[in-house]
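# Coordinate analysis (summary)
Residue strings, one per chain:
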Amino acid sequence: MKTDKKIPEYYIGKKYGYEARKVVEDYELSYNVGTAVSYLLRANRKHETPIQDIRKAISHLHFELDKLHNGDI
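All figures in this text were calculated on a predicted structure; none of them were measured in a lab.

## Description of the pattern of salt bridges
- Counting across every chain of the model gives 4 salt bridges.
- The closest approach of N and O atoms between Glu19 and Arg21, which form a salt bridge, is 2.8 Å.
- Overall, Glu19 belongs to the buried group, its relative accessible area being 13%.
- Of the residues examined, Arg21 reaches a relative accessible area of 48% and is grouped as partly exposed.
- The structure contains a network of salt bridges with shared partners spanning Glu19, Arg21 and Lys22.

## Some remarks on the environment of Arg45
- Mapping Arg45 onto the fold places it in the loop between helix H2 (31–42) and helix H3 (51–69).
- Separated by 23 residues in sequence, Arg45 and Leu68 have C-alpha atoms that sit 31 Å apart.
- With sequence-adjacent residues up to four places away left out, Arg45 is seen in contact with Glu9, Tyr10, Ile12, Gly13 and Lys14.
- Among the polar contacts made by the side chain of Arg45, one reaches the main-chain carbonyl oxygen of Ile12 at a distance of 2.4 Å.

## Observations concerning the side chain of Asn32
- By the secondary structure assignment, Asn32 is in helix H2.
- Given the relative accessible area of 11%, Asn32 is considered buried.
- Within polar-contact distance, the side chain of Asn32 engages the side chain of His60 at 3.4 Å.

## Focus: the packing of H2 against H3
- Contact geometry for H2 and H3: axes closest at 8 Å, N-to-C directions at 165°. With respect to their mutual orientation, H2 and H3 come out roughly antiparallel. The element H2 and its partner H3 pack so that their crossing is left-handed. Note on element contacts: H3 touches H2 through Asp53, Ile54, Lys56, Ala57, His60, Leu61, Phe63, Glu64 and Lys67, opposite Tyr31, Asn32, Val33, Thr35, Ala36, Tyr39, Leu40 and Arg42.
- Split by residue class, the contact of H2 with H3 holds 9 nonpolar, 3 polar and 5 charged.

Criteria and thresholds
Residues numbered from 1 in each chain as written. Predicted model: local features only at pLDDT ≥ 70, side-chain atom pairs only at ≥ 80, totals over all residues. Heavy atoms only, no water. Salt bridge = Lys/Arg side-chain N within 4 Å of Asp/Glu carboxyl O. Buried < 20%, exposed > 50% of the residue type's maximum accessible area, 1.4 Å probe, protein only. Helix = DSSP H or I, 4+ residues; strand = E, 2+ residues; numbered from the N terminus. Contact = heavy atoms within 4.5 Å. Polar contact = N/O pair within 3.5 Å; in protein donor to acceptor, adjacent residues only side chain to side chain. Axes fitted to C-alpha atoms, helices over the stretch in contact; angles between N-to-C directions. Parallel < 35°, antiparallel > 145°, perpendicular 65-115°, else oblique. Left-handed = near helix turned anticlockwise from the far one by under 90°. Nonpolar A, V, L, I, M, F, W, Y, C, P; charged D, E, K, R; others polar.

These figures capture arrangement, not role.
This is the structure we're talking about:
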């Protein structure tokens, strides 16, 4: 199913035009790791500083570590 929704520019790479979600999909990342990667890819582009997105990425990586430590894989 194809949609006509516009992807925000901060989710698309400037040099090659890769969409963050397609990079995550191509690498078959888990939800938490994929979300962390998406936050890091847009960190310097969406807000005035990358701090908020880096903190969110770290949180999702902690969620993934908890999942792995609990054997929820």
